[in-house]
Amino acid sequence: MRRHLLFEELNLDPFQDLPDEIRSPELFISSEWVNHMVDAASYEVIQQLGFGIDELKKYQSIESETERQDFVERLADTAGVVPDRVEVFAWLFRWLIDPQRVVGVEVQSFDDPMNGFPSFEETFLKAIEADPQVQPNAELIQFALAGYRDFLVGEVEGDQVLFKPGSFSLWESYFSNSHRITRSLNSIGAHVVKSCLEGKSEVRILELGGGLGSAAEKIIEEMEPQLSLYHFTDVAAGFLRRGGNMLEDRFTELNLDFSRIDINKPFGEQKVSNEGYDLIYAVNVLHLAKDLKTSLSGIHSLLRDGGQLVFVEGVRPERGRPIAAEFAFHLLLAFRDVEVGTHFRPEKGFLTGEDWSAALKVSGFKNIEIYPEPKSAVEAYPNHYLGAFVAR
Ligand SMILES: C[S@@+](CC[C@H](N)C(=O)[O-])C[C@H]1O[C@@H](n2cnc3c(N)ncnc32)[C@H](O)[C@@H]1O
């Protein structure tokens, strides 16, 4: 059984100084509906591969992590899951049997994984009826679910599943400030950037992985008079063009620059300013660094004296614990194709707050701050999954 924790019972102290929407019942409810949709979708994938409650029960009854892994590998083998995707298959079990997970929305059917889950279709409809703001998440999970089995057995690439023809409107609604979860990440980022820039003017900002421009939009809306340059970048030409056009149309007075920058290539070989930057910003991008220390050290070298890196990330509540966003995003090769095994990056995907701090330190950064402080945030809300980081 999962423990119920309703919003009214949450200790909001760790979230006190953050923007209102970060500690709002609305964000909590959206996040919990996303969790339920990921429950239903994960269970459906397991069923499509021929498994169900019996296997979940068996998995739960195994105590040792190594034996659990062996068990899942045997199931994967029976179902024809290709070797480099067994980690994604194993994630489904970890997600469904996460012993720390709490249930934050009163829907009995999600209380006990051992009773199975309602269908994804039913959950999708309930979720968007209860909270229309989760529509982009619901559609993304639906997109992922439609190709999950084929992806696991190697019939299709994950990038084809998530970027199939016709998916662009989904990405536009997902990475938009009209979408609550995206807006919350951008708001916490803008809040932290604002405090970093207090009293400063003529500030030069570089944004990495700017995508469709939703994070930039929030920063510029609030801080335009303090900026002398906003250099907007992304690795994907399509995103860069769309995001760049939107910013140019909206902010006609600002000195905007654009270029294609890949955080996995040496910055010196790419179009960056040789005058350096006062602040480098990234929202949900840095976990895609293949070699985290090299990318972070490269970012460090682009900062002027006194410069700061601010980034927002999905934050793993504890090593080994899954977070809902991974259900769809780890289909992407860029998410999985990262180097692990260092003391600060033991696993793929998102990092814990502590691991981020350690990665920043080995890359030359000092005075690291995280909002909200991850340990107390997870203690208050065990499903806590986001954070804004400042490093100098
Ligand atoms: C999760 S999205 C975040 C988009 C944007 N920051 C936002 O919040 O609206 C990740 C972005 O990182 C970009 N990206 C992926 N790999 C990258 C890389 N190696 N270098 C730079 N950007 C990358 C993607 O194209 C995408 O726009």
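Residues numbered from 1 in each chain as written. Predicted model: local features only at pLDDT ≥ 70, side-chain atom pairs only at ≥ 80, totals over all residues.

Tell me about the domain arrangement of the protein, and name the residues and values.
As far as domains go, the protein holds domain 1 (3–174) and domain 2 (180–391). The C-alpha centroid of domain 2 is placed 25 Å from the C-alpha centroid of domain 1. In this assembly, 39 residues from domain 1 lie in contact with 29 residues from domain 2. At the level of elements, α1 (25–48), α4 (86–96), α6 (135–152), α7 (158–162) and α8 (168–174) are the ones that each hand at least two residues to the side of domain 1 that touches domain 2. No other element matches the 9 residues that α1 contributes to the side of domain 1 that touches domain 2. (Domains from an automatic or database assignment. Contact = placed C-beta atoms within 7 Å. Helix = DSSP H or I, 4+ residues; strand = E, 2+ residues; numbered from the N terminus.)

Could you give an account of the nonpolar core, naming the residues involved and the relevant values?
Met37, Ile141 and Val310 are the most contacted members of the largest nonpolar core, which has 112 residues in total. Among the elements that line this core, the one with the most residues is α1, at 11 residues. Domain assignment of the residues forming this core places at least three in each of domain 1 (3–174) and domain 2 (180–391). Every residue in contact with Val310, bar those within four places of it in the chain, is listed here: Gly189, Val192, Val193, Cys196, Leu279, Tyr281, Ala388, Phe389 and Val390. (Core = buried A, V, L, I, M, F, W, Y, C linked by C-beta atoms within 7 Å. Buried ≥ 20, exposed ≤ 12 C-beta atoms within 10 Å, placed from the backbone.)

Can you explain the sheet that holds strand β9 (residues 386–391)? Please cite residues and give values.
Pairing is mixed across the open sheet formed by 7 strands, whose spatial order is β5-β4-β3-β6-β7-β9-β8. Single-partner strands in this sheet number two, and they are β5 (256–260) and β8 (369–371). Adjacent strand axes in the sheet meet at a mean angle of 15 degrees, parallel and antiparallel pairs treated alike. Across 6 bridges, the pairing between strand β7 (residues 303–314) and β9 is antiparallel. Within β9, the residue paired with Glu313 across the bridge is Gly387. Of the strands in this sheet, β3 (203–208), β4 (227–234) and β6 (277–283) touch helix α10 (residues 214–223), which is tilted by about 175 degrees from β4. Contacts from helix α11 (residues 237–250) reach β4 and β5, with the element oriented near 155 degrees to β4. (Pairing = 2+ DSSP bridges. Axes fitted to C-alpha atoms, helices over the stretch in contact; angles between N-to-C directions.)

Quick rundown of the environment of Ala41? Include the residues and the values.
Within the fold, Ala41 resides in helix α1. For Ala41, a count of 27 C-beta atoms within 10 Å puts it in the buried group. Separated by 80 residues in the primary sequence, Ala41 and Glu121 have C-alpha atoms spaced 8.8 Å apart. In contact with Ala41, other than residues within four places in its own chain, are Phe120, Ile141, Leu145 and Phe327.

Describe unusual backbone geometry, and please don't skip the residues or the numbers.
Omega for the bond connecting Tyr371 with Pro372 falls within 30 degrees of zero, at -10 degrees, which places this linkage in the cis form. With respect to the element layout, Pro372 can be found in the loop between β8 and α16 (374–380). A positive phi angle is found at Asn284, which is not glycine, with a value near 55 degrees. With respect to the secondary-structure elements, Asn284 resides in the loop between β6 and α12 (292–302). What makes Asn284 buried here is the crowd of 22 C-beta atoms within 10 Å. The phi torsion at Asn367 lies on the positive side, around 50 degrees, for a residue other than glycine. Summarising the element assignment, Asn367 is placed in the loop between α15 (353–362) and β8.

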